[in-house]
Every structure is written in C-alpha cells, then in structure tokens.
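Fold and contact review
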Amino acid sequence: MNGIAQTEAASLAEGRVRGLWWKGLCGIWMAALILAVFGWLGPAVNAEGQPMFTAGGHGAKAIFFHVPCAWLTFIAFLVGAFDAARHLLRGARPHAGLDDLKCATAMELGLLFAVLATVTGSLFSRNEWGAFWSWDPRQTSILVVLLILAAYGVLRGSVTDPSTRARLSSVYAVVALVPAFFLIWVLPRVMATLHEGPNQTIVGGMIGGNYRAVLYGLALPAFLSLFVWLFQIRIRLLQLEERAAHGS
Amino acid sequence: MSTSTGRSRPLAEAAPVRPCTQGAGAPLWTQARAIFLKDVRSELRNRSALNSILLFSLTATVVVGFAAGAVGVATSVKAALLWVVLFFAAFSGLAHVFIHEEETGTTTALRLTASPGAVLSGKLLFNLALLGAISLVVVPVYMAVMDVRPASPAGFAAAVIAGGFALASAATIVGAIIAKARGKGALYGALGFPIILPLLFMAVKTTRDTLQASTEPSVLAQGITGLVSFGVMIVAASVLCFPVVWED
Amino acid sequence: MIGSNTALLAAIPLVVWIGVFFYLLMMDRKIARLERGEDGDDL
C-alpha cells in the first residue's frame, strides 16, 4: 500500500514541497505576528487608555503565544481522539489505515504544545498575579490534558506488540474524551476562574489597539498552519520509517 | 483465516480466538451475574485483593489523620484528603479483577464462554461492590479520625456514593487496558489519574459543600448530578471500547 | 520600550523563526525525495 497516488507522484518534481503555498503563508503569518507583537503593536490599553496587565501593557502580549499553544493542545487532542475512534471503528487493524499513526502524532504534538502552554501560562501568571500556579480551573485543565497526553505516550511505550499498542492506546484516547469534555465545558463554568477577566477583555474586544484582530487574524492562522505542517512532516516520517522497517 | 501449511504452529497462532458474541445463547444479565458471582466467590475464598486494599486504605487514612488531624484542618482539606484516600484505594486494587484473569491464564476461557458486554458488566459490578465494601469501612473510619461532621449527612452519603460509582467505573476500564498491557503497578495509577482528575475536582467540591451548612441544595444537587453523569459517560465509553480491549 | 530598541527586539525572534522556517522546508524537501525513493540517505 502506497500512500502517494500515481498522479501525485508524477507531479512531484525532485524534492518539490507539496502544499508550498500554505507553508509559505505560514512563514509569512508567523513573521508578521512577530513583527506585530514586538514591533508595531502598542501596549494593551483599556477603554480609558490605561495600560492593562504588567510592563506598561506589554506583558499582555504573552497571550499571542500562550493562547495559540493552548488552542493547539486541545485541537491536537481532539484530532488524536478522532483518529483513535476511526481506528477502532475500522476494526482496530493496524494496517487498515493510518489512523493509529495519526493519533500518535497528534498526541505527541499536543504534548509539546501543552508543555509550552502550561509553562508560558505560569510565567505570565507569575508576572501578573505573583504566583506560578493557582489551581485555576483553566490552568489546571491544560495541565490535566498534558498528563493525559503524557500518559498516552507512556501507555504506547509500554506495549511492544504493534497491534495491541494501537488497540489499547486508541481506547485510552477515546475514553479520555470524557474527562476532556468535563475539563473544557463543565468545570470552568462551575468554578470561578482567574481566566475570566482576561478572557472577557480579549474576546470582548475591550483591549484597544487591535489585539483581537492580531490574535485571530495573525496568530490563529500562523499557529494552525504550523501545526498542520508539523503534523504532516511527522506523519510522513513515521510512514517512511514503517516502510523501511517492513521493506515494502 | 488460518491457512494450512502442513507445518505445526504454536496453538495461539493456529486459530485466532474470536470473542464470543452470543455467549452460548444466555442472556447478558445471566452471564454478567455469573461472572460477578464467580469473582465474588473467588475473592471470598482468597481475600488477597480485599485485604490488601483495605489495609492500604486504612493505613492511608491513619497517615492522613496523623499528618493533618493533630493540627486541625479546614473542611475543604478534609474533603480533599478523603478523596485522595479513596483514589488510592481504587487504584491500588480495582485492576485486580482483570489482572488476576491474565495471571491465572483464564482469560481465554472467559473470552470463549461469555460475551464482552457480559464480562464488562460482571467485572464492573464486582468493582462497584468492592469499592463500596471498602468505602463502608474506610469512610466512617476517616470521619472518626478526621472529625468529619457533615452539615448534610444525606448529601455527604450521596456524594460518596456518586463519586465512588464514577471512580470505580473509571478504574475498571483503565484496569482492563493495563491488564492487556501487562501493566505494572505504576502504570495503572499513571493512566488512571489524569482520567479521573475532573471527577476528583467535582467530588472534592461537592463533598466540601456537604460539610458546610451554608450550601444551597441546588448547588449540592448540581454537584451530585455532575458526578453521576461523569460515571455514566465513563460507563458508556467503556461499553463501546471494552470489546476492543478484550479481544486479542 | 518602544523606540530604538524595537528593531533589535523584533529582529531576534524573527531571525529565529526564519531559521526554523527554512529548516522545516528542508525537512519537507528531504522527505519528499525519500518518498520518491531518490535519496538513499538515512535521515
């Protein structure tokens, strides 16, 4: 089974990168984001022109990195759980499809972004409110997702037989949707959260100076495309490894 | 799909063991009850799991009581520590019900004679009963040691029951996974803990609410509902995924 | 903080990103070559 269709193979010039257009866009978006955040974007100010958050309003710019990382963590987890479900629905035969590999890749990337999100979040929290950690529900939920993703990796690592490994880790990923659902939807509503203030100010557009535009217009596409790119590279690497291992 | 080559093969390879989907014609409840009773009898005969969990939980209670009791801690801490003890109780022993089958080699026989749904139901019932029995001993001891006097005793009981139900359900499916992964002890806790973390949050919050007189009944009801729905969702996920875990 | 330092402050992460970006492109090309079977190297 070869993942590259005939037409695609024929159109591949030597070393030509597929999807170069959106990868190039990713480069541009991210560069534009950096320029915006470190350059022309002013400090975070509220309606009266008072600076919000620390460092004269510039501390708020951490959200342009922290928030996308958190988004990507949850997206990665959902992608992983979705692929795990597909693997199970297709009868859990490891070579019936790439689903298990996709799940593993997504969970791996998710773990990376979860670590980044947790670390940047706690640094911002330290700057802003004096403590690295405060058991705020949203802060804790990213940590729990981190633990779930890490546990997934540990489970994969502890099973040697590939088909068993795929089976068990897919089940774990799907079962983990239950706590994820509670973490994302139920707990932040039930419990008061530190995040409420910043959430509302940014999403509610109360920060002047185009913060919302930069977040959704630059940071979101930049990080999303980066995630897809990293995912694609990783999954193709894993496929190549498998092909080499099986000599097909 | 075995091919005959004339060579002798190990028995396990010769014909894959298919899970029995009809359970020899017996209805699900009959099979599940039979499995439940078998495990109960086995446990009563050789009380290794019961004894070790009980001893572990009581020791944990004493440790907690020693560390915190003399100082006099806040109600929220008492609620939290109770669930720490119950968590450790569950994740020290509720995998036994699957691991025991693997260790004694009876898994194949069980797979041949009962449907996966019956196996899950029977084992889940057993774990519920086991955790229930443990709680009946541990919770009163905890209340005595830590001087716990709930403002709403019915609410307290409901919280422990609902939380225990969810805890046992989660511990069952995770136990099934690690039994197949030849899981060593640490893996069970490592996999289970992230899954039940939201459950722990809700259980601690709800239990704390029952200890305080100022809580409104609607808040309590909401907490209990949250715990029960977590358990129900875990059971639903288990029903969907267990056949995949169980097959070889 | 905004002013003459801006160029330097923006330049560092920008340079880092440009490096990462081209690294990813190179990886991509390498993988594409490996997929076509034209490159004999291990990664």
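Residues numbered from 1 in each chain as written. Chains lettered and ligands numbered in written order. Predicted model: local features only at pLDDT ≥ 70, side-chain atom pairs only at ≥ 80, totals over all residues.

On to the overall build of chain C. Across its full length, chain C carries 1 helix and 0 strands. Out of the 43 residues in chain C, the part that is buried amounts to 12%. (Helix = DSSP H or I, 4+ residues; strand = E, 2+ residues; numbered from the N terminus. Buried ≥ 20, exposed ≤ 12 C-beta atoms within 10 Å, placed from the backbone.)

Glancing now at the overall build of chain A. Across its full length, chain A carries 9 helices and 0 strands. Counting from the amino terminus, helix and strand elements in chain A follow one another as α-α-α-α-α-α-α-α-α. Counting the 248 residues in chain A, one finds 41% classified as buried. Here the analysis covers contacts within chain A between residues at least 6 apart in sequence; of these, 75% occur between residues at least 24 apart. (Contact = placed C-beta atoms within 7 Å.)

So, on to the confidence of the model for chain A. Averaged over all residues, the pLDDT of chain A equals 80, while 77% of them reach at least 70. Within the model, pLDDT remains below 50 along residues 3-13 of chain A, and this stretch shows 6 contacts once partners closer than five positions in the same chain are excluded. (pLDDT = per-residue confidence, 0-100.)

On to the interface of chain A and chain C, then. With 22 residues of chain A in contact, the opposing surface of chain C contributes 20 residues. Listing elements by their share of the side of chain A that touches chain C, those giving two or more residues are helix H2 (20-40) and helix H9 (211-246) of chain A. Broken down by element, the side of chain A that touches chain C gets its largest block of residues, 7 residues, from H2(A). A breakdown of the residues in the side of chain A that touches chain C according to their chemical character gives 13 nonpolar, 5 polar and 4 charged. (Nonpolar A, V, L, I, M, F, W, Y, C, P; charged D, E, K, R; others polar.)

It is worth spelling out the nonpolar core at this point. Ranked by size, the top nonpolar core spans 144 residues in total, and within it B:Leu167 and B:Ile177 carry the most contacts. Considering each element in turn, this core owes the most residues, 16 residues, to helix H8 (residues 153-180) of chain B. Excluding residues within four positions of it along the chain, B:Ile177 makes contact with A:Leu168, A:Val171, A:Tyr172, B:Leu191 and B:Val245. (Core = buried A, V, L, I, M, F, W, Y, C linked by C-beta atoms within 7 Å.)

Residue and element names in this part refer to chain A. An ideal rise of 1.5 Å per residue puts 20 Å on 14 residues; helix H6 (residues 162-175) measures up with 20 Å between its terminal C-alpha atoms. In terms of residue burial, H6 counts as a mostly covered element, since 10 of its 14 residues are buried. Among the residues of H6, those classed as buried are Ala 166, Arg 167, Leu 168, Ser 169, Ser 170, Val 171, Tyr 172, Ala 173, Val 174 and Val 175. (Expected span 1.5 Å × (residues − 1).)

Take the packing of H6(A) against helix H10 (residues 217-246) of chain B next. Where H6(A) meets H10(B), the closest approach of the two axes is 10 Å, and the angle between their N-to-C directions is 175°. What the angle tells us is that H6(A) and H10(B) run roughly antiparallel. Between H6(A) and H10(B), the contacting residues are A:Arg167, A:Leu168, A:Val171, A:Val174 and A:Val175 on the first element and B:Ala237, B:Cys241, B:Val244 and B:Val245 on the second. A breakdown of the residues in the contact of H6(A) with H10(B) according to their chemical character gives 8 nonpolar, no polar and 1 charged. (Axes fitted to C-alpha atoms, helices over the stretch in contact; angles between N-to-C directions. Parallel < 35°, antiparallel > 145°, perpendicular 65-115°, else oblique.)

With that settled, consider the interface of chain B and chain A. Taken residue by residue, the interface counts 21 residues in chain B and 24 residues in chain A. Looking at the side of chain B that touches chain A, the elements that each hand over two or more residues are H8, helix H9 (185-211) and H10 of chain B. A total of 9 residues in the side of chain B that touches chain A trace back to one element, the largest contributor, which is H9(B). Its residues assigned to classes, the side of chain B that touches chain A shows 19 nonpolar, 1 polar and 1 charged.

Right, let's talk about the packing of helix H2 (residues 28-45) of chain B against helix H7 (residues 116-146) of chain B for a bit. Residue and element names in this part refer to chain B. Relative to each other, H2 and H7 sit at 45°, their axes nearing to 8 Å. Looking at the two axes, H2 sits oblique to H7. Judged by the sense of rotation from one axis to the other, the crossing of H2 with H7 is right-handed. Contacts between H2 and H7 pair Leu 28, Gln 31, Ala 32, Ile 35, Phe 36, Asp 39 and Val 40 from the former with Gly 117, Ala 118, Val 119, Ser 121, Gly 122, Lys 123, Leu 125 and Phe 126 from the latter. (Left-handed = near helix turned anticlockwise from the far one by under 90°.)

A few words on helix H4 (residues 99-129) of chain A. With 31 residues, H4(A) extends 42 Å from end C-alpha to end C-alpha; this agrees with the ideal 45 Å at 1.5 Å per step. Of the residues one or two after H4(A), A:Gly130 is the one with positive phi, at around 90°.

Here we take up the confidence of the model for chain C. On average, residues of chain C score 79 in pLDDT, and 72% of them are at 70 or above. Both scores are available for the predicted complex, with the pTM at 0.84 and the ipTM at 0.84.

Notably, B:Asp147 is not glycine yet its phi reads approximately 55°, a positive angle. By the secondary structure assignment, B:Asp147 is in the loop between H7 and H8.

This brings us to the environment of A:Cys26. Inspection of the secondary structure assignment puts A:Cys26 in helix H2. Sequence separation between A:Cys26 and A:Trp229 is 203 residues, and the spatial gap between their C-alpha atoms is 8.8 Å.

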